[in-house]
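Now for the letters of each chain:
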Amino acid sequence: MKIKTFLVATALAASFAGSAFAAGMTVGFSQIGSESGWRAAETSVTKQEAEKRGVDLKIADAQQKQENQLKAIRSFVAQGVDAIFLAPVVATGWDDVLEEAKDADIPVILLDRTIDTADDSLYLTAVTSDTVHEGRVAGEWLVNAVGDKPCNVVELQGTVGSSPAINRKKGFDEAIAGHDNLKIVRTQTGDFTRTKGKEVMESFLKAEDGGKNICALYAHNDDMAVGAIQAIKEAGLKPGTDILVVSIDAVPDIFKAIADGEANATVELTPNMAGPAFDALAAFKDAGTVPPKWIQTESKLYTKDNDPSGEYERRKGLGY
Ligand code: AHR
């Protein structure tokens, strides 16, 4: 996104914040599931934001399955909800169901993940971070941290086919391109979960001489990093020192790990996608204001220099 577009989007998002919301509105939210601490926080923040505005929020938990999301959207359309929020588990395969919502005049807002479609009239707006940028920030941090030292990197990818997994890989690859001392030696999905992050890291460690050949771990989310940290410790190595750890989300547990010297950096993803989404929807319903196609949330890098213990305390009660 160009800087100018970002500024316009930010200004519009700010102006929506003051608009009156049609209380009594019903919004159906097709949520992916509860794969990560970040996801749990997004669900609870969405409930809080709905309650503040007097919105009747109906949440359908898809348990990581696109087919469940398709069913949920069709059921929301049949119920005649006023709007649908969709956090799409994967990027492809949404056109038909979104056509049905459009034909029923029900606006759809994408939350935290994007979709691949040739027809962007199928959704009103997408409230997401720049996930390519997040990967780039993580990669740039690592480039600076290792300097000229040779560094074998292992990568834990998010859910296959999801927009953050695709984009966070792309951004990281871009950031390390041209730094020939940095090489991704193993990459595999850990599906954004702690359990799989640990499992896959165990296999990376085994394959790379008990971890001696690994200099850094890049995980597409903090939960996989936290699982991997456990695997690194069980292999007798020191995460954060023997193997550098950089990931994305900024959940409380990664701040604990950073404070303990067991992780090195994280890129923040706000769990509050719903606030800007409700505000955009209110302005659209109340005054016909069409929001920008992308309402971008901020992505900030945190390291040991950003008061990780304080960040842990500030976030621990937020539903993560
Ligand atoms: O779409 C956002 C990603 O989904 C978060 O980074 C990850 O933790 C979650 O599962």
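The structure under discussion appears in the preceding block.
Summarised in this report is the structure supplied together with it.

Calculation criteria
Counting of residues starts from 1 at the beginning of each chain's written sequence and follows it residue by residue. Local features in this predicted model are restricted to residues of pLDDT 70 or higher, and side-chain atom pairs are both shown and tallied only at a pLDDT of 80 or more, whereas totals for entire chains, interfaces and linings draw on every residue. Only DSSP runs of H or I covering at least 4 residues are called helices, and only runs of E covering at least 2 are called strands; the numbering of each starts at the N terminus. The globule rule used here is 2.2 Å times the number of residues to the 0.38 power, and the radius of gyration it is set against is calculated over C-alpha atoms. Our exposure labels follow a C-beta count within 10 Å of each residue's own C-beta, placed from the backbone: buried means 20 or more other C-beta atoms, exposed means 12 or fewer, and partly exposed covers the counts in between. Note on definitions: a residue is near a molecule or strand provided its C-beta atom, placed from the backbone, lies within 6 Å of it. The domain limits used here are those given by an automatic or database domain assignment. Orientation is described by axes fitted as lines to C-alpha atoms, over the contacting stretch for helices, and by angles from 0 to 180 degrees between their N-to-C directions. For classification purposes, an angle smaller than 35 degrees is called roughly parallel, one larger than 145 roughly antiparallel, one from 65 to 115 roughly perpendicular, and anything else oblique. Once C-beta atoms have been placed from the backbone, residue pairs whose C-beta atoms lie within 7 Å are recorded as contacts. Lys, Arg, Asp and Glu make up the charged group, whereas Ala, Val, Leu, Ile, Met, Phe, Trp, Tyr, Cys and Pro make up the nonpolar group; the residues left over, Gly among them, are polar. Strand pairing is assigned whenever DSSP detects at least two bridges linking the two strands. In this scheme, a helix's expected span is set at 1.5 Å multiplied by one less than its residue total. A clockwise course of the path from the first strand over the helix to the second, judged with the strands pointing away from the viewer, identifies a crossover as right-handed.

Some points on the overall build of the protein chain
In terms of regular secondary structure, the protein chain is built from 11 helices and 12 strands. For a compact globule of 320 residues, the expected C-alpha radius of gyration is about 20 Å, and the protein chain comes in at 20 Å, within 12% of that figure. Referenced to the eigenvectors of the C-alpha coordinate spread, the extents of the protein chain come out at roughly 60 × 35 × 35 Å. Per-residue burial over the protein chain gives 52% buried out of 320 residues.

Some remarks on the site of the ligand
Inspection of the region around the ligand gives 13 residues, with Ser36, Trp38, Asp112, Phe192 and Asn221 positioned closest. Elements with a contribution of two residues or more to the shell around the ligand: helix H2 (37-53) and strand E9 (244-249). For the shell around the ligand, the two domains that each supply at least three residues are domain 1 (4-129 + 270-298) and domain 2 (131-269).

What about the packing of helix H3 (residues 66-79) against helix H4 (residues 95-103)?
The description of two helices packed together rests on the angle between their axes and the distance between the axes. Running from amino to carboxyl end, H3 crosses H4 at an angle of 10 degrees, the nearest separation of the two axes being 10 Å. When the interaxial angle is binned, H3 and H4 end up roughly parallel. Every residue of H4 that contacts H3 at Leu70, Ile73, Arg74 and Val77 is listed here: Val97, Glu100 and Ala101. When grouped by side-chain class, the residues that make up the contact of H3 with H4 number 5 nonpolar, no polar and 2 charged.

Some thoughts on the sheet that holds strand E3 (residues 83-86)
Strand order across the open sheet formed by 6 strands is E2-E1-E3-E4-E5-E11, with parallel pairing between neighbours. Among the strands making up the open sheet, the edge pair consists of strand E2 (56-61) and strand E11 (294-297). Mean inter-strand twist for the sheet, computed between neighbouring axes without regard to direction, equals 15 degrees. Direction of pairing for strand E1 (residues 26-31) relative to E3: parallel, over a ladder of 4 bridges. Residue Phe29 lies in a different strand from E3, and its bridge partner there is Phe85. Each of E1, E2 and E3 is contacted by H3, which is oriented at about 170 degrees to E1, the strand it contacts most. Across the sheet, helix H10 (residues 274-287) is in contact with E3, strand E4 (108-111), strand E5 (125-129) and E11; its angle to E4 comes to roughly 160 degrees.

Overview of H2
With 17 residues, H2 should cover 24 Å at 1.5 Å per step; its first-to-last C-alpha distance of 25 Å lies within 8% of that length. Those residues of H2 lying buried are Gly37, Trp38, Arg39, Ala41, Glu42, Thr43, Thr46, Ala50 and Arg53. Its buried side turned inward, H2 meets E1, E2, helix H8 (222-234), E9, helix H9 (252-259) and H10. A positive phi of about 70 degrees marks Gly54, the residue just after H2.

Section: the pairing of E5
A large share of E5 lies buried, amounting to 5 of its 5 residues. The pairing of E4 with E5 spans 3 bridges and is parallel. Looking across to E5, one finds that Leu111 is bridged to Val127. The pairing of E5 with E11 spans 4 bridges and is parallel. Residue pairing for E11: Ser129 is matched across the bridge by Thr297.

Observations concerning the pairing of E2
With 6 bridges connecting them, E1 and E2 associate as parallel partners. Paired with Gln31 across the bridge in E2 is Asp61. On the question of chirality, the crossover connecting E1 to the parallel E2 by way of H2 is right-handed.

Side note on helix H6 (residues 163-176)
Taking 1.5 Å per residue, 14 residues should reach 20 Å; H6 reaches 20 Å between its end C-alpha atoms and fits that length. The buried fraction of H6 is high, at 11 of 14 residues. Looking only at H6, the buried set comprises Ser163, Pro164, Ala165, Ile166, Asn167, Arg168, Lys169, Gly171, Phe172, Ala175 and Ile176. For H6, the elements touching its buried residues are helix H5 (131-146), strand E6 (151-157), strand E7 (182-189), strand E8 (216-219) and E9. Gly178 sits one or two positions beyond H6 and adopts a positive phi of about 90 degrees.

Remember, this is a structural readout, not a statement about activity or role.
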